[in-house]
Amino acid sequence: MPTYRPGPVSLILAVLVALFLLMPLLAVIPVSLTPSRMLAMPNGELSLRHYRSLIEDPRWLQSILLSIRIGIVSSAISTVLALCFSLGVWMFQPRFTAALVGFVLLPMVVPPVVSAITLYFLLTSVSGFSSFFGYDTWLGVAMAHSVMTVPFATVLILVSLSQLDRRIDLAARGLGASVWERATRVIMPNIKFGIITAALLSFVLSWEEIGVTLFITSVNAITLPRLMWMGLRDNIDPAIAALSVILIIITVLVLAVRSVVTRQR
Amino acid sequence: MRGVLSDRMGAALLMAPLLLFLVLAYAWPFLGVVKWSFTLPTPGLGQYQALLTDDLVQSVFIRTLRIAAIVTVVSVAAAYAITVVWVRGSPAQRLVAEFCILVPFWISVLTRAFGWVALLSNRGLINTWLQSIGFISEPLALVRNEFGVIVGMTHFLIPFAVFPLASAMRSLDDRVLLAARGLGSSRMRTFWTVFVPMTRSGIIGSALIVFVFSLGFFVTPAILGGGRSVMIAELIYLRIFQSPDWGLGAAISVVLVLFVGALMALLFRYVRPKQLI
């Protein structure tokens, strides 16, 4: 059967857009290899000093470890909360479901800067009561990140629940399974990919979160994006280029593996 | 009767933790921000009056709307071009297009903004190259101005503009296009008079998403504008952290939320949510 394929003009325009999309990602490679202390193109001579400084400068390692810790905690919080909420919605279909889901999705649609000032208000208020949980603490950042990622986790879990056959649950119920058994032994095993995806996405979103983090941290809770931000605003540090190259390579590898896996299924 | 009661209890128990969490950690502090806008530094509507009279705030609002409009037109047009190939191309073309859309999509906003700094700054790739071939003697000012902000934001938002367009193009019936071609319409004419009108809902959806995102954009303008092309979000940041004027920062936030809310309401009147995914 003949299909409608893009013509030469479409292809040329698409290639231009593709080049535009890839250009800045490729541009960081030469910068990361510059021997200069400042942002510059390498002048004939290449150097790995900026990659070395990523390992040798303890600030980078500390912020990476902090970002991982915050990512794991906030991803756990948001996945558990989103899972319970979505199970409640799916199993009991309560009234006002649309309004409640809409409320949960708010942090995703409200402009990030407004969420940032809101969470700044929250954490500075909490700081009055507790010194390890509030403004500029890692627990405070983890909680703020959970607020920002929980809508995404909820959407993913609700979508995978919507593809589940209700009759499975009805059968379990008819055979006398309790709510707890239905949830943990019938429904959750069937949506485990959705749950895992939600947890991974929450982690990734927390790992690269900067808009909110900028408002709620100053000197103690320096996550990796926060450290990159500091290096970008003042004197541009080419170590950021080296770090960017590593992050880009990881992204490309993960996407390549994912596309191979989905093609095999 | 017992079943109904326990159903309600079960739903409440499962849904309560997240709802409680968001009420305490999001809704309550947002009301606190609203309160700031009416009480700091003095109680009353002073901050909202300032929004209407302050020249700086006005110029930032106008700049934000202008940049958002330009970015929306450019991003949707560019996204359209690559989505056509992603949805309708040969299998190999689709794979390449998907790669070019998804890799930038998953890379953090900071890395992408930094990539543009590496390309556009005075000692960046483009200026170094143009100078080395003798085309220019002084570096061009490509960054720390509105141009840099528009380029960086467009780059960030193209992948977001792609998804609604792709869903509109996927649901389009091939036979209509083949019929137009069979009746003697040229490629160009089929594209402009059949293909584009049939993807209208996708165009509206992606334009509104890009426009809404650009209004509240913070990171890219702050890095590529270099403090010279301040947009609303950066103005809020500056009012909170640099010239402490929390009331004004809060008032701008409230206006921004109301404006975005109105735009979203408009979006859902014209496009059903399902068409966006």
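Quick note: structure is the one above.
A quick note: this is a predicted structure, and the numbers were derived from the prediction, not measured. Sequence order as written defines residue numbering, which begins from 1 separately in each chain. Each chain takes a letter, starting from A, and each ligand takes a number, starting from 1, following the order in which they are written. Since the coordinates come from a predicted model, pLDDT governs what is reported: local features require at least 70, and pairs of side-chain atoms require 80 or more to be given and counted, while whole-chain, interface and lining totals use all residues.

What to know about the overall build of chain A
Consideration 1: What counts as a helix is a DSSP run of H or I of at least four residues, what counts as a strand is a run of E of at least two, and both are numbered from the N terminus. Along the backbone of chain A there are 12 helices and 0 strands.
Consideration 2: Put simply, chain A runs from its N terminus to its C terminus through helices and strands in the order α-α-α-α-α-α-α-α-α-α-α-α.
Consideration 3: Relative to its length of 265 residues, chain A is extended, with a C-alpha radius of gyration of 23 Å against a globular reference of 18 Å.
Consideration 4: Once the C-alpha set of chain A is aligned to its principal axes, its extents read approximately 75 × 70 × 30 Å.
Consideration 5: With 265 residues in all, chain A has 45% of them scored as buried. C-alpha atoms define the radius of gyration in this analysis, and the globule rule sets the expected value at 2.2 Å times the number of residues to the power 0.38. Any residue with 12 or fewer other C-beta atoms within 10 Å of its own C-beta is exposed, any with 20 or more is buried, and the rest are partly exposed; the C-beta atoms used are placed from the backbone.

Focus on the packing of helix α3 (residues 58–92) of chain A against helix α6 (residues 138–162) of chain A
Residues and elements named next belong to chain A.
Consideration 1: Helix axes are fitted to C-alpha atoms over the stretch in contact, other axes to C-alpha atoms as well, and angles between N-to-C directions run from 0 to 180 degrees. One way to put it is that α3 packs onto α6 with a least axis distance of 6 Å and a crossing angle of 40 degrees. Relative to α6, the element α3 lies oblique. Considering how the two elements wind past one another, α3 and α6 form a crossing that is right-handed.
Consideration 2: Charged residues are taken to be Asp, Glu, Lys and Arg, nonpolar residues to be Ala, Val, Leu, Ile, Met, Phe, Trp, Tyr, Cys and Pro, and polar residues to be all remaining types, Gly included. Classifying every residue of the contact of α3 with α6 gives 18 nonpolar, 9 polar and 1 charged. If an angle is under 35 degrees, it is roughly parallel; if it is over 145, roughly antiparallel; if it lies from 65 to 115, roughly perpendicular; otherwise it is oblique. For any helix crossing, the convention is left-handed if the near helix is rotated counterclockwise from the far helix by under a right angle, and right-handed if that rotation is clockwise.

Overview of the interface of chain B and chain A
Consideration 1: Each residue is represented by a C-beta atom placed from its backbone, and any two residues with such atoms within 7 Å are regarded as in contact. Counting residues at the interface gives 67 residues for chain B and 72 residues for chain A.
Consideration 2: Residue classes in the side of chain B that touches chain A are distributed as 48 nonpolar, 13 polar and 6 charged.

What about the nonpolar core?
Consideration 1: Residues I117(A), L119(A), I82(B), V117(B), A118(B) and I232(B) are the most contacted members of the largest nonpolar core, which totals 155 residues.
Consideration 2: It is helix α3 (residues 55–88) of chain B that contributes the most residues to this core, 14 residues altogether.
Consideration 3: When neighbours within four sequence positions are excluded, I117(A) is seen to be in contact with F215(A), V33(B), I236(B), I240(B), G249(B), A250(B) and S253(B). Here, a nonpolar core means buried Ala, Val, Leu, Ile, Met, Phe, Trp, Tyr and Cys residues linked by C-beta atoms lying within 7 Å of one another.

Section: helix α11 (residues 224–233) of chain A
Residue pairs three or four apart in sequence face the same way in an α-helix, which turns once every 3.6 residues.
Consideration 1: Among all positions of α11(A), only L224(A), P225(A), R226(A), L227(A), M228(A) and W229(A) are buried.
Consideration 2: Looking at the buried side of α11(A), the elements it contacts are α3, α10 (211–216) and α12 (239–264) of chain A together with α5 (109–120) of chain B.

Some details on unusual backbone geometry
Consideration 1: Phi is positive for F96(A), close to 60 degrees, though the residue is something other than glycine.
Consideration 2: Judged by C-beta crowding, with 9 C-beta atoms within 10 Å, F96(A) ranks as exposed.
Consideration 3: Even without a glycine there, the phi angle at R144(B) is positive, about 65 degrees.
Consideration 4: Mapped onto the elements of the fold, R144(B) is located in the loop between α6 (125–132) and α7 (146–170).
Consideration 5: Judged by the 19 C-beta atoms lying within 10 Å of it, R144(B) falls in the partly exposed class.

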